[in-house]
Protein chains: 2
Amino acid sequence: MSYNAPVRDIAFMLNNVVGLSNVAKLEGFEEATEEMSVAILEESARFTSEVLAPLNASGDAEGATWSEEGVKTAAGWVEAYAQFVENGWGALSFPVAYGGQGLPMCLSSAVQEMWHSSNMSFGLCPLLTQGAVDALAHHASDELKDTYLPKMVEGTWTGTMNLTEPQAGTDLAAIRSKAEPEGDHYLITGQKIYITYGDHDMSENIVHLVLAKLPDAPEGVKGISLFVVPKFLVNDDGSLGDRNDVRCVSIEHKLGIHASPTCVMSYGDNGGAIGYLVGKPHHGLMYMFTMMNQARHAVGVQGYGIAERSYQQALAYANDRKQGPTLLGGNDSEGIINHPDVRRMLMTMRSSIEAMRGLALECAAAFDVAAKHPDESVREASQRRGELLTPLVKGWSTELGVELCSLGVQIHGGMGFIEETGAAQHLRDARIAPIYEGTTAIQANDLIGRKTARDGGKGLGELMADMKQVLNELKASDDVNVKAVAARFEPAIAAAESANEWLLGQNDPTQPSATSVEFLMMHGRLAGGWIMARTALAAIKAKQEPDADEAYLDAKTLLARYYAERMLPLVESGKTIVVDSADSTVGLDIAQL
Amino acid sequence: MSYNAPVRDIAFMLNNVVGLSNVAKLEGFEEATEEMSVAILEESARFTSEVLAPLNASGDAEGATWSEEGVKTAAGWVEAYAQFVENGWGALSFPVAYGGQGLPMCLSSAVQEMWHSSNMSFGLCPLLTQGAVDALAHHASDELKDTYLPKMVEGTWTGTMNLTEPQAGTDLAAIRSKAEPEGDHYLITGQKIYITYGDHDMSENIVHLVLAKLPDAPEGVKGISLFVVPKFLVNDDGSLGDRNDVRCVSIEHKLGIHASPTCVMSYGDNGGAIGYLVGKPHHGLMYMFTMMNQARHAVGVQGYGIAERSYQQALAYANDRKQGPTLLGGNDSEGIINHPDVRRMLMTMRSSIEAMRGLALECAAAFDVAAKHPDESVREASQRRGELLTPLVKGWSTELGVELCSLGVQIHGGMGFIEETGAAQHLRDARIAPIYEGTTAIQANDLIGRKTARDGGKGLGELMADMKQVLNELKASDDVNVKAVAARFEPAIAAAESANEWLLGQNDPTQPSATSVEFLMMHGRLAGGWIMARTALAAIKAKQEPDADEAYLDAKTLLARYYAERMLPLVESGKTIVVDSADSTVGLDIAQL
């Protein structure tokens, strides 16, 4: 199936709704003008549709393959990755000092949507490299940075994150991997699982970031340190040296993302893998969180990126497939797109994708402001906003992404269940996103705990206030669709405030934890409504410009209305579920289940 | 993964909630006592857990295989099917006159849940045979019945339904298969797709029921006739004769149900397959509906049957897997079942499965009364009830089944995405159920059109009245959980009545069609709430008996409360969605999508 990057929709969201121009005012982001953003998005559209998209189905069918010699990616992947590196796609958001282009995160996130739409399995490799670069750039010594970052930014070396062990998934305190000091380095031993692109044949070297414990480590999460363990050791002149004592012992047979090797990694089978401490001893978990926050946002982008691909395929099928007389078409000469229920499914997909995209770009723009704004209080507030939105972007967008890819299957009828059609692959691929980089429950805990209870609801209160300001703008409009949005946005905000108040009034964490995922989902839906409300307002504003494309802009307003009428009622019921079902959720004894 | 049939839960629903004893009062169903039902369920539990369940994962991995000689099922399937036949499992609900046991549909449905829980791919073979038997028993000549039914009831011959052609899926009017009269039979030519168990090696013969057009057929659906086309012709003495001119030309590569061969069937490549007309010419579609209504109910049973398997696997994992300190367990010595969000997922699965099971058994019992009650008005009202509930059983239970199997994956965390775990198979298998035997949109159209608009809402009104009576019983209770159920059941009923009124007031079918699936889902959820409310009342009643198992019965009441608090708020928001979003759903031009 082909992929046509929705450049216009992405650019509209970035420029007209989120406001890239505000980010471009910041020192260091001056190049990120509207014109530049469109040029980059168009270039990325070409690359992803022409190079990455054609390898998506074949990569799924062939998968990555393991042997003693290492992991081989599917046919064409080595060449595609070489082109990715040559074009500099991996370097967009990285520091200029190490060869990156220093673009704002909101623009690079907009580009990365296309990686995951065109080929989610492929997109995972630079996603992980990016996390590793962030962690090193923030926490490693200059020597380590100088040795590793230029090649990683360039993309000729890729990066991995090695956290999970069989007994230590969500609970990283249970990590058993060890690091013994030896001269200027450490000897790492242990086994890591679920290592994405832990081995492959697309890059010259692979830079593993590994959590392990030093001999004197305190108990629990406070005893975890972070190490760099390269696949090939690096000589003083920067050339590649000996093969390090780390290897991939097997890869997983998975539901989806077949072409992305998920590796079991063994460190130190022959005495110990040489590793280098990143930052201070016992600070590894904190450093890893630097990677994880970026990675969580990126996985949220995957959530709607894959849904966009599913939508495009379903839309094409709905236009082509003829089946019976249709209520909207009148005769049997038009596609099933004229059956009202097929419209419902397409509208649900399309409007939800726009809402998720806008929220992710809004979150990224907040981090951009937090990084560069001259005023410290603005930086702080923006950081708080970005951190608050991150669990929504990750949790809500990935859960909704699975639902939408399932709708994409449904639109195809029986054909959707046949693998050759390709619709099923998107569902299989999408299903990992609510699991990795912290399950939805972890995102929900982050939202109710770190991001809300810890600051007494300050960040959430600021968000609600911003929403109410948008509500006032909606109410001032006499557009019928905008009025309809307001009619659903207002009670949704009230419901959310009521749930927030309930949450902040709880002393025992059990009740809020029991319905925390509902709390996350209701806030995700509401934040999506906030984005769509702003989209409607932006579309109406844009219509006043000369030569405005009215059909395009009217569609934006109607999509916002559909979203409000379809999704925002679930915020109201969500409040009831959050508050009412907390007791009964945990009311049974284990033996009664 | 092992499977333990929930005999106690099924028997409680059948006997204490749905009321098998009322069905057993009817002439012909006297044997279906409570004791008999439990004995049959226990025997079925042994067979399905010992024989069918162990073949589920291996069947998925191996799949069915095609060759010129025919389709081979996976290792062990031939032997398992032979045992199925030997034990008489296929014959439970069939007419005594043809060797069946004549048990009520509510009891046979209860048994069939276990087929689909233990091995959905296997269960499809008798599911299709049952549909074919029903169609023949109702519509075929005595000669055809005598020739085919005894062997099909016995199970030594299996049956198929041949409706779909590449250009004719939902729109059967587009069928092109032809039947030319020749002597006492017809020569059938054409291609059929998506034929479940169209060929396989488990039975001596395969009896295809095929829709085709006679030379003088009128246009459209009124020109379709139904034919019996056996794989092997049957001699006058009942022995098998020549191979008929029908063959499976390929099988599909599917997302799930790998072990169930989905066949492309070619009829008449060598001059024409010999077929026999069932009933009158041009009445085929009507006859096929006899099969389809049964099959739709059976697919609804699959929807929660597969979710039950997923639940059992997730529950076992949640008990075994240890990961960090838990809020409910206090330390790290207990499983993740003590994380509140894992409880939420398990409670959602468990309570929803009970609700769906109860609704399917209630629907089947209505058909049983409709078939045997001495009073014609009771028969009519029961038939109306059964027909009203069928699209809910099919549409709601299959959609919810997919959601629950996805939760089953989520509970496993990263392990859920690894195919060897088995959780992903349930999701892959479940995904077909909202598609085949009429997509969810078709069920929704049936609900709002044939089942509601056509009788001016009579059937739905009767159902609402029954629900209100249960609400009054709830309100009369002083049990805290029952009160909580009532608190959510009352506004849900009111919301549904409001949506019903809106539906019946529409003149243009476009608006109701645009939100018909939401309408179906809200009524499914509400009907589930009605079942769970009755379950709570039944549990409280049962607690008054001597030696009552209080922990078991208290769990039933709490599950009802959880269901009401988690699911019934969605009926209220569902009403808003149904009414408000109908316009915006169909508001864009095709080019704007």
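Residues numbered from 1 in each chain as written. Chains lettered and ligands numbered in written order. Predicted model: local features only at pLDDT ≥ 70, side-chain atom pairs only at ≥ 80, totals over all residues.

A. The arrangement of the overall build of chain A in detail. The helix and strand tally for chain A stands at 19 helices and 12 strands. A globule of 593 residues ought to have a C-alpha radius of gyration of about 25 Å, and chain A, at 24 Å, matches this closely. For chain A, the spread of C-alpha atoms along the principal axes amounts to about 75 × 60 × 55 Å. Each of the 593 residues in chain A was classed as buried or not, and the buried ones make up 62%. Contacts in chain A between residues at least 24 apart in sequence constitute 76% of all its contacts with a sequence separation of at least 6. (Helix = DSSP H or I, 4+ residues; strand = E, 2+ residues; numbered from the N terminus. Rg over C-alpha atoms; globule rule 2.2 N^0.38 Å. Buried ≥ 20, exposed ≤ 12 C-beta atoms within 10 Å, placed from the backbone. Contact = placed C-beta atoms within 7 Å.)

B. Local environment of helix H17 (residues 550-567) of chain A. The first and last C-alpha atoms of H17 of chain A sit 25 Å apart over 18 residues, in line with the 26 Å expected at 1.5 Å per residue. Of all the 18 residues making up H17 of chain A, 14 are buried; the element is thus mostly covered by neighbouring parts of the structure. (Expected span 1.5 Å × (residues − 1).)

C. Here's a closer look at the relation of the copies chain B and chain A. Note on the copies: chain B fits chain A at an RMSD of 0.0 Å, the axial shift is 0.0 Å, and the rotation between them is 180°. Viewed as a symmetry operation, the transformation between the two copies matches a two-fold axis. Of the C-alpha atoms belonging to chain B, the one lying closest to the rotation axis is found on Ser 573 of chain B, 3.0 Å away. Same-surface contact between copies: 99% of interface residues of chain B are shared with the interface of chain A. (Least-squares fit on C-alpha atoms with pLDDT ≥ 70 in both.)

D. Just the nonpolar core, in detail. One finds Cys 106 and Phe 227 of chain A together with Cys 106 and Phe 227 of chain B to be the most contacted residues of the largest nonpolar core, which totals 406 residues. Ignoring any residue separated from it by four or fewer positions in sequence, one finds Phe 227 of chain A in contact with Ala 179, Tyr 186, Ile 188, Val 210, Ala 212, Gly 275, Tyr 276, Leu 277 and Val 278 of chain A. (Core = buried A, V, L, I, M, F, W, Y, C linked by C-beta atoms within 7 Å.)

E. Broad picture of the pairing of strand E12 (residues 273-277) of chain B. Residues and elements named next belong to chain B. Within E12, 5 of the 5 residues are buried, which leaves it mostly tucked inside the rest of the structure. Alternating positions in E12 separate into two faces, Ala 273, Gly 275 and Leu 277 on one and Ile 274 and Tyr 276 on the other, with burial throughout. Of the strand pairs in this sheet, strand E5 (residues 185-196) and E12 are connected by 3 bridges, and their pairing is antiparallel. Bridge assignment links Ile 188 to a residue of E12, and that residue is Ala 273. (Pairing = 2+ DSSP bridges.)

F. Structural context of the domain arrangement of chain A. In terms of domains, chain A is made up of domain 1 (158-284) and domain 2 (455-587). Placing the centre of domain 1 of chain A and that of domain 2 of chain A at their C-alpha centroids yields a distance of 42 Å. (Domains from an automatic or database assignment.)

G. Structural context of the environment of Asp 269 of chain A. Residues and elements named next belong to chain A. Mapped onto the secondary structure, Asp 269 falls in the loop between strand E11 (262-267) and strand E12 (273-277). A count of 13 C-beta atoms within 10 Å places Asp 269 in the partly exposed class. Along the backbone, Asp 269 and Gln 191 are 78 residues apart, and their C-alpha atoms lie at a distance of 9.6 Å.

H. Representation of the interface of chain B and chain A within the structure. With 72 residues of chain B at the interface, the matching set in chain A holds 72 residues. Where the side of chain B that touches chain A is concerned, the elements lending two or more residues are helix H9 (340-372), helix H10 (376-411), helix H12 (440-453), helix H15 (510-514), helix H16 (516-542), helix H17 (550-567), helix H18 (569-580) and helix H19 (582-585) of chain B. Here the residues of the side of chain B that touches chain A sort into 34 nonpolar, 23 polar and 15 charged. (Nonpolar A, V, L, I, M, F, W, Y, C, P; charged D, E, K, R; others polar.)

I. Local environment of unusual backbone geometry. Even without being a glycine, Asp 547 of chain A presents a positive backbone phi close to 60°. The residue Asp 547 of chain A is located in the loop between helix H16 (516-543) and H17 in this model. The phi dihedral of Tyr 194 of chain B is positive, around 60°, even though this residue is not glycine. Among the secondary structure elements, Tyr 194 of chain B is positioned in strand E5. With 25 C-beta atoms packed within 10 Å, Tyr 194 of chain B lands in the buried category.

J. Broad picture of the confidence of the model for chain A. Counting all residues, the mean pLDDT for chain A is 96, and 99% of those residues have values of 70 or more. Both scores are available for the predicted complex, with the pTM at 0.98 and the ipTM at 0.97. (pLDDT = per-residue confidence, 0-100.)

K. Representation of the environment of Glu 68 of chain B. With respect to the helices and strands, the residue Glu 68 of chain B is situated in the loop between strand E1 (65-67) and strand E2 (70-72). Note: C-alpha distance between Glu 68 of chain B and Cys 248 of chain B (180 residues apart in sequence) is 8.4 Å.

L. Structural context of the pairing of strand E9 (residues 240-243) of chain A. Residues and elements named next belong to chain A. Pairing analysis gives 2 bridges linking strand E8 (residues 232-234) to E9, with the strands arranged antiparallel. Bridged to Phe 232 within E9 is Arg 243. Linking two consecutive strands that pair antiparallel, namely E8 and E9, is a turn of 5 residues; a positive phi of about 90° is found at Gly 238 within it.

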